[in-house]
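Commentary on secondary and tertiary structure
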Amino acid sequence: MTAPAVSSTEMPYELVGPAHTPVVLALGGISSSRHVAQWRPDEPPGWWDGVVGPGAALDATSRRILGVDFLDGGRAPDGRPARAVTTTDQAHSIVALLDQLEIDRIDVVGASYGGMVGLALGEHWPERIRRLVVISAAHESHPMATGLRAMQRRIVELGLDTQRAAEAMTIARGVAMTTYRTAEEFAARFDNTPHLKERSAEFDVERYLLHAGEKFAARTPPERFLALSLSCDLHRVVPERIDVPVTVIAARGDTLVPAWQTDELARRLPRLSAAYTLDTQFGHDAFLLEAPKLAPLLLNALND
């Protein structure tokens, strides 16, 4: 396997795999990065290990795997984003990167926010895409998802105004985690017995959510979270304009992208290749946690 090629241009990237093989652009959620998989033992884990890597569904011994860092609009003096960023902005920068790398056409596998960006690529630059796989994403944000994300942004903005940004980011991410998973999983995973204190109580699920929030807050600046969260809610594409073969993959119990919405996307696409629903208890995060179930669907989509 060739060593990763890494750029520090406007949209940093990591490209791994043999030269002159097909390129697959792997895009994830707002917390993903260009480091898609752990390519060598001395590297940190990637965000999609298990789905991407040697012998996995996206195998860098037979393809080149391209990962990118999403744009976030920069930081204004008040700690908020300097500008709004849309999924079309992300797609435009990806096309500019492909031009820089002299890559004509790619396959795109996008999950969550990455699926939205993939749809924007398909709408505006269909000539650059061979095949598109969209996982847990739709043509627009569901109003419930927008409401949940808007309240998370308000929490972070309140933290910025009160000089408690890290704490606010922790809480906002903890709330977000409840939308990435399902009530079914939480019921099986957590004992709801309270840990009593003098004037309050703490719960196992509460500890888990705070821990997840703290990890996210430690690596993500508030302005980046605010920009990419808003970008999810600004997302709009017209499915009928996406003139590329598309495979749509939904997840049972997805709070953010309900089944009826992915069904609507599939019905409106002019070149639908296939539509699947993962049987999972993990909801929206199934693309991260159900590699064995996802792998054959990706292989079918990319090898037809």
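Residues numbered from 1 in each chain as written. Predicted model: local features only at pLDDT ≥ 70, side-chain atom pairs only at ≥ 80, totals over all residues. Heavy atoms only, no water.

1. Structural notes on the nonpolar core
If you look at the biggest cluster of nonpolar residues, it comprises 49 residues, and the most contacted ones within it are Leu 25, Leu 66 and Leu 121. When residues of this core are assigned to their parent elements, the largest contribution, six residues, is made by helix α2 (residues 113-124). In contact with Leu 121, other than residues within four places in its own chain, are Leu 25, Ala 91, Ile 94, Val 95, Val 108, Pro 126 and Ile 129. Trp 48, Ile 249, Leu 278 and Phe 287 belong to the second largest nonpolar core, which has 30 residues in total. (Core = buried A, V, L, I, M, F, W, Y, C linked by side-chain atoms within 4.5 Å. Buried < 20%, exposed > 50% of the residue type's maximum accessible area, 1.4 Å probe, protein only. Helix = DSSP H or I, 4+ residues; strand = E, 2+ residues; numbered from the N terminus. Contact = heavy atoms within 4.5 Å.)

2. Topic: the pairing of strand β9 (residues 246-251)
Of all six residues that make up β9, six are buried, and the element is covered over most of its length. Side chains Val 246, Val 248 and Ala 250 project from β9 onto one buried face, and the interleaved Thr 247, Ile 249 and Ala 251 project onto a second face that is buried too. Pairing between strand β6 (residues 129-135) and β9: four bridges, direction parallel. Residue pairing in the sheet places Ile 135 in a bridge with Ile 249 of β9. In this sheet, strand β10 (residues 272-278) lies alongside β9 in parallel orientation, the contact comprising six bridges. Counterpart to Thr 247 in the pairing with β10 is Ala 274. Taking the sense of rotation as the criterion, the β-α-β connection linking β9, helix α8 (residues 259-268) and β10 turns out right-handed. (Pairing = 2+ DSSP bridges. Right-handed = clockwise from strand over helix to strand, strands pointing away.)

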